[in-house]
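This is what each chain is made of:
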Amino acid sequence: MYVTLHPNPFKDKTMELNLPIYLDNNATTPMDPRVLDAMLPYFVEKFGNAASRNHSFGWVAEEAVDYAREQVAKLIKADPKEIIFTSGATEADNLGLKGIFEMYASKGNHIVTCTTEHKAVLDTCKHLEKMGGQVTYLEVQPDGLIDLGQLEAAITDKTILISIMYGNNEIGVIQPIREISAIARKHGVLFFTDATQAVGKIPVDVNADGIDLMAFSGHKMYGPKGVGVLYVRRKNPRVKVTAQMDGGGHERGMRSGTLNVPGIVGLGKACELCMNEMEAEGKRLSAMRDRLEAALLQVEEAYVNGNTEHRLPHTCNISFKYVEGEGLMMGFNKNIALSSGSACTSASLEPSYVLKALGLGDDLAHSSLRFGLGRFTTDEQIDFTINAITTSVLKLREMSPLWEMFKEGVDIDAIEWAHH
Amino acid sequence: MAYSDKVIDHYTNPKNVGTLDKAKTNVGTGLVGAPECGDVMRLQIEVDQESGLISDAKFKTFGCGSAIASSSLATEWLKGKTVDQALAIDNMDIVEELNLPPVKIHCSVLAEDAIKAAINDYRVKNGLTELVAAAH
């Protein structure tokens, strides 16, 4: 009925390399064509409102949403009733943090988080500080992991929530989730995690992991953009969040707004695919990632950022000292799409706050590239990338005064630079 | 944000990358920017002391494509000019020539600073008074 008219554009059957190569899967993933197939009927033919209880159009939509809710729940080992659909992870982060802050106001006003969280968490925490909240921003260790002793020491009798991300979007570092949740339990504090980069990539089990609330998104796991999830635990303990939007009381009163049925169907399908393929895909991606990383570390003065043992399988972040990230990317960005921690890639002119939180000097943060592999990444693409990046680094170093100084044994840190 | 064709051209085929002998009295060296800021430019001029003309100019830059292009363009413009003419090069000339967007104007400012720093170094080496530092 729905014929796939969209062969995977990232896989070339003739084995010729299709350019440009997409290695920015931490920013967003292409949608899996199988997800699109699942979604298509829900735009025109099965267009009903899932909240329409009195006719078949509504029933069909509701059934599709219920099925997707099961698919999502299964992936994270939750109960379908614990899945609240949102417009994405940013909304889920906002709903989780603000919703807990309001709901548990009588218990306390203190939240513990860390400096390498996504802006959706950090900026929400800053907002809560203006609303009378107190937030502790834990510093991370040089490898990106939080210090559990510091976490426990930060908890006060006013603490209501610990918010620590599952896997970091820039360096891929996976925090010790089970140890964190054990500390939260011990002190009667709820545990929220932004798992946007982790769900669908590595096994996430809300019960075994002791997670009370969790945010994630469809478009980081080969699903559609504009749909995400807030997981809210219903048992041991029963957790509630105050709704942040007023309206029809959808999603058990926690998130009003007509459900995005095609998006939710797509997210459900994406979760099912991840459930079935994650294990093999994780192995394949980490093998490719390790090969890429090993080859790039052959370049002189190249360094991996973040812990390499506790890391998402598809991510690596490397600094190439004495070249600037954006300048470096210009050498290959016609053919390879990826991200840099360089300030020049952002409007703020500040380099990556995540890399700086690891204690990297600004110069190394400026020199970093983030590689985000994905379901459609091939070995041929990795080979091409290794060559292109190595060539670019060598070319730019020929142009770099810092490289020349380094080679001549000049101590660059001893120079008094005029900061502008 | 896409780069202009001229930025891409200078980045792909940078003009006058290299190093002049900074020990020579007729070579002026300017080193501006800072690694922490993501831009460091080293620009050098060699002055033919008979004619007073800049006979050679070289650069090395750590920075984004626009910074590399700004310094490459600056070295092209410097060659054949007198030191006084070189002083008249304004960062907005570079912005215009390379079609730099507003977020990249600082790259052109750095190039102007590098020119002035190189000229200053040359003047000091040759017993001339130092110029007042550019107000950036």
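Residues numbered from 1 in each chain as written. Chains lettered and ligands numbered in written order. Predicted model: local features only at pLDDT ≥ 70, side-chain atom pairs only at ≥ 80, totals over all residues.

### Remarks on the overall build of chain B
- Counting secondary structure elements, chain B contains five helices and three strands.
- The helix and strand sequence of chain B, counted from the amino end, reads α-β-β-β-α-α-α-α.
- The C-alpha radius of gyration computed for chain B amounts to 14 Å, which stays within 12% of the reference 14 Å derived for 136 residues, consistent with globular compactness.
- Projected onto the principal axes, the alpha-carbon positions of chain B cover approximately 45 × 25 × 25 Å.
- Expressed as a percentage of its 136 residues, the buried residues of chain B come to 51%.
- A separation of at least 24 residues holds for 61% of the contacts in chain B among residues at least 6 apart in sequence. (Helix = DSSP H or I, 4+ residues; strand = E, 2+ residues; numbered from the N terminus. Rg over C-alpha atoms; globule rule 2.2 N^0.38 Å. Buried ≥ 20, exposed ≤ 12 C-beta atoms within 10 Å, placed from the backbone. Contact = placed C-beta atoms within 7 Å.)

### Re the domain arrangement of chain A
Residues and elements named next belong to chain A.
- Domain parsing of chain A yields domain 1 (21–30 + 278–408) and domain 2 (33–272).
- Elements with a minimum of two residues in the side of domain 1 that touches domain 2: α7 (261–296), β10 (315–320) and α9 (353–357).
- Residue classes in the side of domain 1 that touches domain 2 are distributed as nine nonpolar, 14 polar and three charged. (Domains from an automatic or database assignment. Nonpolar A, V, L, I, M, F, W, Y, C, P; charged D, E, K, R; others polar.)

### Side note on the sheet that holds strand β12 (residues 339–340) of chain A
Residue and element names in this part refer to chain A.
- A sheet is described by the order of its strands in space; here four strands give the open sequence β9-β10-β13-β12, paired in antiparallel fashion. Strands with a single pairing partner mark the edges of an open sheet, and in this sheet they are β9 (302–304) and β12.
- Looking at chain direction, β10 and strand β13 (residues 368–372) are connected through five bridges and run antiparallel. Pairing of S319 across the sheet is with S368, part of β13.
- Sheet strands in contact with α7 are β9, β10 and β13, and its direction is about 10° off that of β10. (Pairing = 2+ DSSP bridges. Axes fitted to C-alpha atoms, helices over the stretch in contact; angles between N-to-C directions.)

### Quick notes on the interface of chain B and chain A
- Taken residue by residue, the interface counts 25 residues in chain B and 26 residues in chain A.
- Only β1 (27–34), β2 (39–48), β3 (53–62) and α2 (65–78) of chain B provide two or more residues apiece to the side of chain B that touches chain A.
- Here the side of chain B that touches chain A gets four residues from one element, more than from any other, and that element is β1 of chain B.

### Examining the pairing of β2 of chain B
Residues and elements named next belong to chain B.
- Across the 10 residues of β2, nine count as buried, placing the element largely inside the fold.
- The pairing of β1 with β2 spans eight bridges and is antiparallel. When the bridges of β2 are listed, T29 appears paired with Q44.
- Between β1 and β2, which pair antiparallel and follow one another directly, the connecting turn spans four residues, one of which, G38, has a positive phi of 85°.
- Pairing of β2 with β3 involves nine bridges; the strand directions are antiparallel. Residue M41 lies in a different strand from β3, and its bridge partner there is T61.

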